[in-house]
Amino acid sequence: MDNRPIGIFDSGVGGLTVLREIIKEVPNENTVYFGDTERFPYGPKDLRDVRDFVFKAAEFLEKKDIKMLVIACNTGSVAALKKLKQTLKIPVIGVIEPGARTAVSNTKNKRVGVIATKGTVGSGAYEKEIKKIDPQIEIFSVIGSILIEYIEKGILTGENLNENIKSCLKPLLKHNIDVLVLGCTHFPLIERQILEVSSNDFEVINSAVETAKDVKKLLIEKNLLARQENKANRIFYETALEGNFFKTGKMFLGSEIKEVIRTKLEI
Ligand code: DGL
């Protein structure tokens with residue numbers, strides 16, 4: 001038994017979608033969330049810079065005595081997961097492999113779409129993970145940075161957003177995909193809108209769900225579960241001076257989020 005918190009990290013509010021699923025899977029675990037809102041967005045940045053940011057954030061969270069780290073950011077996972085796993089003594093989990101695994105098991109026509117950041121799409125990370133499991137699957141990717149900007153600003157509905165969803169998805173629709181991987185942790189916040197705009201043409205994969213299952217599995221395997229009677233404590237940090245983190249977090253997590261502490265990363 002281990003009551004130390006799980007550390008969860010993203011560039012902004014996106015990782016809250018992973019936190020929500022973790023709360024569903026292991027409600028009595030303490031959590032510390034870190035959103036690097038000052039350096040958001042990670043998607044268009046050089047992956048070497050992103051790797052440095054993720055390492056700094058991991059260092060920050062390690063000082064909070066976490067027992068496990070979840071990189072709840074696809075771009076961050078692409079840039080730093082492998083290296084972090086080799087470096088940290090605690091278990092580290094990313095979001096790409098769980099999403100790829102779910103896509104492979106759910107596609108019937110072996111045509112998978114991915115919507116993600118420039119960094120994630122450019123890295124070919126989903127192609128690699130998916131083809132590792134089933135080389136026959138064809139993958140079609142689009143960049144959805146504009147949608148991520150809307151979400152981070154707390155704009156989760158509206159005509160403008162829908163128009164942008166439509167134009168981001170347009171290149172995918174002609175490929176007859178039956179599964180769409182939300183390859184950025186921000187996207188589950190607009191999952192309903194994505195389905196509506198695309199007339200439910202495909203199934204949407206939210207890798208947060210599978211990631212949270214992996215978290216639980218690993219906690220059990222490593223004998224790291226918190227005591228059953230533990231009442232979860234949730235702490236939130238962000239690096240921007242003024243942002244929409246709290247507002248969006250509240251819309252999404254309700255009473256689970258009571259305050260957000262501002263902090264700085266020495267980069
Ligand atoms: N939520 C992050 C991801 O999953 C990226 C958003 C960004 O910072 O560009 O890739």
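The structure under discussion appears in the preceding block.
A short tour of the structure in this document, coming up. (Residues numbered from 1 in each chain as written. Predicted model: local features only at pLDDT ≥ 70, side-chain atom pairs only at ≥ 80, totals over all residues. Heavy atoms only, no water.)

Remarks on the overall build of the protein
Going by this rule: Put simply, DSSP marks the helices as runs of H or I at least four residues long and the strands as runs of E at least two long, and each gets a number from the N terminus on. With the radius of gyration taken over C-alpha atoms, the globule rule is written as 2.2 Å times the number of residues to the power 0.38. Any residue under 20% of the maximum accessible area for its type is buried, any over 50% is exposed, and the rest in between are partly exposed; the area is computed with a 1.4 Å probe on protein chains only. We call two residues in contact when some of their heavy atoms are within 4.5 Å. Charged residues are defined narrowly, with Lys and Arg counted positive, Asp and Glu counted negative, and His plus the chain ends left uncounted. Here the site of a charge means atom NZ of a Lys, CZ of an Arg, CG of an Asp or CD of a Glu.
Along the protein, the regular secondary structure elements total eleven helices and ten strands. For the protein, the C-alpha radius of gyration of 17 Å lies close to 18 Å, the compact-globule estimate for 267 residues. Counting only C-alpha atoms, the protein reaches 50 × 40 × 35 Å along its principal axes. Expressed as a percentage of the 267 residues in the protein, the buried residues total 57%. Considering only contacts in the protein between residues 6 or more positions apart, those separated by 24 or more positions represent 78%. Counting 40 positive and 36 negative side-chain charges, the protein places the averaged centre of each group 2 Å from the other.

Topic: the sheet that holds strand E7 (residues 179-183)
Under the convention used in this document: Strands are labelled as partners when DSSP assigns at least two bridges between them. Throughout, an axis means a line fitted to C-alpha atoms (over the contacting stretch in the case of helices), and angles, computed between N-to-C directions, take values from 0 to 180 degrees.
Here four strands make up an open sheet; going across it, the order is E6-E5-E7-E8 and the pairing parallel. Single-partner strands in this sheet number two, and they are strand E6 (138-143) and strand E8 (203-206). Ignoring which end each strand starts from, the neighbouring axes of this sheet average 25° apart. Of the strand pairs in this sheet, strand E5 (residues 111-116) and E7 are connected by five bridges, and their pairing is parallel.

Focus on the packing of helix H4 (residues 96-106) against helix H6 (residues 125-133)
Spelled out, the test is: Roughly parallel here means an angle under 35 degrees, roughly antiparallel means over 145, roughly perpendicular means 65 to 115, and every remaining angle is called oblique. A crossing counts as left-handed when the near helix is turned anticlockwise from the far one by less than a right angle, and as right-handed when that turn is clockwise. When residue character is reported, Ala, Val, Leu, Ile, Met, Phe, Trp, Tyr, Cys and Pro are called nonpolar, Asp, Glu, Lys and Arg charged, and the others, Gly included, polar.
One way to put it is that H4 packs onto H6 with a least axis distance of 9 Å and a crossing angle of 50°. The orientation of H4 relative to H6 falls into the category oblique. For the pair H4 and H6, the sense of crossing is right-handed. Taken together, the residues of H6 that come into contact with H4 (itself represented by Ile96, Glu97, Gly99, Ala100, Arg101, Ala103 and Val104) are Ala125, Tyr126, Glu129, Ile130 and Ile133. By residue class, the composition of the contact of H4 with H6 is eight nonpolar, one polar and three charged.

Describing the site of the ligand
To be explicit about the condition: By convention in this text, a residue qualifies as near a molecule or strand provided that one of its non-hydrogen atoms is within 4 Å of it. Between N or O atoms, a polar contact is any pair within 3.5 Å; within protein, one atom must be a potential hydrogen donor and the other a potential acceptor, and residues adjacent in sequence are included only when both atoms are from side chains. Using a 1.4 Å probe, the Shrake-Rupley method yields the accessible areas, and only the shown protein chains count as cover for residues.
Close to the ligand lie 14 residues, the nearest being Ser11, Tyr42, Gly43, Asn74 and Thr75. Asp10 places a polar side-chain atom, nitrogen or oxygen, 3.0 Å from a nitrogen atom of the ligand. A distance of 2.8 Å is found between an oxygen atom of the ligand and a backbone nitrogen or oxygen belonging to Asn74. Considering the ligand on its own, with 300 Å² of exposed area, one finds that the protein chains cover 99% of that surface. Of the residues in the shell around the ligand, the class split is six nonpolar, seven polar and one charged.

Here's the deal with the nonpolar core
Threshold: Residue types Ala, Val, Leu, Ile, Met, Phe, Trp, Tyr and Cys, when buried and joined through side-chain atoms within 4.5 Å, form a set referred to as a nonpolar core.
Counting residues in each nonpolar core, the largest one holds 51 residues, and the members touching the most others are Leu16, Ile22, Ile115, Leu180, Phe187, Ile190 and Ile194. Apart from residues no more than four positions distant in its own chain, Phe187 is found in contact with Ile115, Ala116, Gly144, Leu147, Ile148, Ile151, Leu182 and Ile194. By size, the runner-up hydrophobic cluster in this structure holds 24 residues, among which are Leu61, Cys73, Ile90 and Tyr237.

Concerning empty space enclosed by the protein
To find leftover empty space, a probe the size of one water molecule is rolled over the atoms. What counts, and what does not: Put plainly, a pocket is an open set of points on a 1 Å grid over the protein atoms alone with protein on both sides within 12 Å along at least five of seven lines, a cavity is a set where a 1.4 Å probe fits but cannot get out, and a lining residue has an atom within 4 Å of a point. Grid points are joined across faces, edges and corners, and a volume is the space filled by probe spheres set on the points.
All chains considered together, the criterion is met by one cavity of 30 Å³ or more. Reported here for the largest cavity is a volume of approximately 30 Å³. Here the lining of the largest cavity is composed, by residue class, of five nonpolar, four polar and no charged.

Some remarks on helix H3 (residues 74-87)
Residues separated by three or four positions in an α-helix point in the same direction, a consequence of the helix having 3.6 residues per turn. Here is the rule: One less than the residue count of a helix, multiplied by 1.5 Å, gives the span that helix is expected to have. By definition, a residue's bend is the angle between the axes fitted to the seven residues ending there and the seven starting there.
With 14 residues, H3 extends 19 Å between its outermost C-alpha atoms, agreeing within 8% with the 20 Å of an ideal straight helix rising 1.5 Å per residue. At Ala80, H3 is bent by approximately 60°, the largest bend along its length. By the burial criterion, the buried members of H3 are Asn74, Thr75, Gly76, Ser77, Ala79, Ala80, Leu81 and Leu84.

Brief notes about helix H1 (residues 16-25)
In terms of residue burial, H1 counts as a mostly covered element, since seven of its ten residues are buried. Three or more residues of H1 are buried, namely Leu16, Thr17, Val18, Leu19, Glu21, Ile22 and Ile23.

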